[in-house]
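# Descriptive structure summary
Residue-level listing of the chains:
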Amino acid sequence: MADLTRPAGLDAADLMRATGGNPFLVVESIAAHGRLPASVRDAALARVGRLGMAAREALDAAAVMGPRLDPALIEAVISTHPVALEEARARGVLVADGSALAFRHELIREAIESSISPQRRTTLHARAFAALVAGGHAEDHAQLAHHAELGGLTKEATRHAMLAAAEAERVGAVRETYLQAERALRLGGDLAGPDRFELLVQCSRASNFANPRLEDAVDAAERAVALAERLSDQRRHGRALVALSYALWSLERVVEARAAAVQAITAFEETGDMASLAWASATLLRIEATAFDPASALQMAPRALALAEDAGLEETCIDVAISTGLARGHLGERAALRALDDALAATKRSGFTIRMVRAYVNLTNVGVALRAHERVDEVAAEALPLLEELHVSALPIMAIRIFRARSLLDRGRWEEAMAIAARRERWWQGEFHVACALEALIKARRGEPDAAELLQQAWEGIVELVAAEGSRHGMVRLALVEAAWLRGDRAAALDLLRAARETPAVARFARWGGELALWASRLGSPIDPPAGAPEPVLLELAGDWRGAIAAWRAVDAPYEAALASLAGDDRAARDALASLHGLGARAAARAFTRERAARGERASRGPRRSTLENAAGLTRREQEVLEALATGATNATIAQALHLSERTVGHHVSAILRKLDAPNRTAAVERARARTLLAQDGQAALQR
């Protein structure tokens, strides 16, 4: 379903609910790009046209009441007899749903509602509002606000929308919070200043996670700031600044976001409001950890946490824990994953939806920084369907997908990474430029001609969008240096390194700063790696190429393991070239050979044609051994069948494990099957 709806810009779950999965309705709705298809409207109205007058009037009332219907309420709206509803059910327009009734398909309800004259529709909504209040439904504020608005009862609609927004925010329903707060603001032209202020802050907060137009969150927060100033209320001024800081941060305007958070802290310090000061401090901590200096964030964290604990603010404590976990992950601390896992569990127990979204995004971010690929996959598999179900903003969903694309790139699963990156859209903010950089880096390694231009566009885009240099800048800087090396432009690579040196931000992030130091070493212009730099980087910088290769393989980094062989012996170089060819990294293989020659090493003979044609870079003999492994054969059996010594077979098995990045024989066979490398599950090899 998702593959069908995505090109039309439709939500698969929404379409399934509207059509009930009816193939005709699905196809017609997709063709109409989500609008009510004329064919569906005509078919529905033709069926309704065969009903009696009383049944038709009952259906009109039912259509404005919603998808699930209480027969007693419909009768109260139009004073009809139950027989009228029974006729509609007998005709198949309505269906029984327990003690209630429902339209067979939501699209049928929409067709009937659209056929009602505007004046009659307004009257029916007003009657529905009165019937709900009289019928004991006075606490269903969202439904009451809906009917009051469409029934022309503006004052009642505003009041119930405010109550519905407060209830939705209490239970963490961010999309409903935004919709109801926006409704109250739109209808409440005569709202008192304090009430309007609360709605503006509420609307801004919810917009960050439920509204695709992030600019609306900034607009609402700026209006709240101006209103607080008119009210001469310092505490409200601080609260509005916190909302503005959050909204600016979501739009990547991080310098302005940090300034707003600092102003909020000053405002609360003057009022003595410690609870609000705790929240403002947590806001500044979040921005610092995300976009500026992780080490500085860790220095700020104890005070923010102490303020939150003293004020009994559980949600703020969790927010501080998430920011602290992110900062530690950027500094290369493995314990960061456990800290973020604990924070995520706390958000689920307490029902803090916005904090839960933060925890998911930052877990995948840190998973990439630490090359914890299995955790990235687990979090993405859990988070993506959940966030889509919650109807949160698509931005965190896209961020998780892009983080996973980087993880796939690191593992050598380039086609999967490219498939995600290629679906990028402009509204993704900074993630759009990261996606461009990921695609460009893969293309550069393959030697495709448009790689350099695409990578430069990614760099210019992210610099223009985000004024403060953070981890994403470090990743793109690193890609620029590597791309220059790949095309043999040593002067450009050194210029890029010098520019990175002059900007200390890269060194604040352990992974990107460490790998930049590694490229500086390869280019003969060494710089010190940051504290917490990855172990494979430190081993390679120390000249332990064997240890570095093993360490890169341990974190499932086949490309980096191959480059670590630049300083290795002839056998390591041959294996590296085979691995690069297996990845499709033709430009990298050429650069590897060029670099080995520049170092005075004997030029490594590239792999044979049969090896180049093998998707995993296996030699003909290694392929035969792999086919035999798939049968469960021992080394002794394979040696006898292929007329080899057991020792030679052992060497081949080791090479297969390296090239498939598999920890053992079973995993190697599984990966080979997944990549369709096996013929007849190994039977051919033993039959020779």
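Before any of the text, the structure's been laid out above.
Residues numbered from 1 in each chain as written. Predicted model: local features only at pLDDT ≥ 70, side-chain atom pairs only at ≥ 80, totals over all residues. Heavy atoms only, no water.

## Re helix α6 (residues 71-78)
- All buried positions along α6 are accounted for by L73, I74, V77 and I78. Each buried residue of α6 lies within a common arc of 115° when the element is viewed along its axis, so the set occupies one face.
- On its buried face, α6 is in contact with α5 (53-65), β1 (68-69), α7 (82-90) and α9 (118-134).
- Backbone nitrogen of A72 and a side-chain oxygen of the N-cap are separated by 3.0 Å at the start of α6; the cap is D70.
- Positive phi appears at S79, one or two residues downstream of α6, with a value of about 55°. (Buried < 20%, exposed > 50% of the residue type's maximum accessible area, 1.4 Å probe, protein only. Helix = DSSP H or I, 4+ residues; strand = E, 2+ residues; numbered from the N terminus. Arc of directions from axis to C-beta. Contact = heavy atoms within 4.5 Å. Polar contact = N/O pair within 3.5 Å; in protein donor to acceptor, adjacent residues only side chain to side chain.)

## Details of unusual backbone geometry
- Positive phi is not limited to glycine here, since R371 has a value of about 55°.
- Relative to the elements of secondary structure, R371 occurs in the loop between α21 (353-369) and α22 (373-389).
- Although it is not a glycine, D556 adopts a positive phi angle of roughly 60°.

## Looking at the environment of G329
- Considering the arrangement of structural elements, one finds G329 in helix α19 (residues 314-330).
- Between the C-alpha atoms of G329 and G582, which are 253 residues apart in sequence, the distance is 32 Å.
- Those residues in contact with G329, other than ones at most four positions away along the chain, are A336, V366, A369 and L370.

## Topic: a positive patch on the surface
- Together, R47, R50, R91 and R104 make up a region of like positive charge exposed at the surface.
- Positionally, R50 belongs in the loop between α4 (38-48) and α5. (Patch = residues over 30% accessible without salt bridge, like charges linked within 9 Å, V, L, I, M, F, W, Y side chains within 5 Å. Areas by Shrake-Rupley, 256 points an atom, 1.4 Å probe, with all protein chains shown as cover. Salt bridge = Lys/Arg side-chain N within 4 Å of Asp/Glu carboxyl O. Lys, Arg positive; Asp, Glu negative; His and termini not counted. Charge placed at Lys NZ, Arg CZ, Asp CG, Glu CD.)

## Points about the environment of R426
- As for its position among the elements, R426 is in the loop between α24 (414-421) and α25 (430-446).
- Residues in contact with R426, not counting those within four places in the same chain, are F432 and H433.

## Focus on the pattern of salt bridges
- Across all of its chains, the model carries 54 salt bridges by this definition.
- In this structure, R253 and E256 form a salt bridge, with 2.9 Å as the shortest nitrogen-oxygen distance.
- For R253, a relative accessible area of 31% puts it in the partly exposed group.
- The salt bridge involving R406 is made with D410; its shortest N-O contact spans 3.0 Å. Within this pair, R406 and its partner D410 are both found in helix α23 (residues 394-410), separated by 4 residues, close to a single helical turn.
- Since its relative accessible area comes to 1%, D410 is described here as buried.
- Among the ionic contacts, a cluster of salt bridges with common partners joins R371, R406, D410, R511, E515 and E560.

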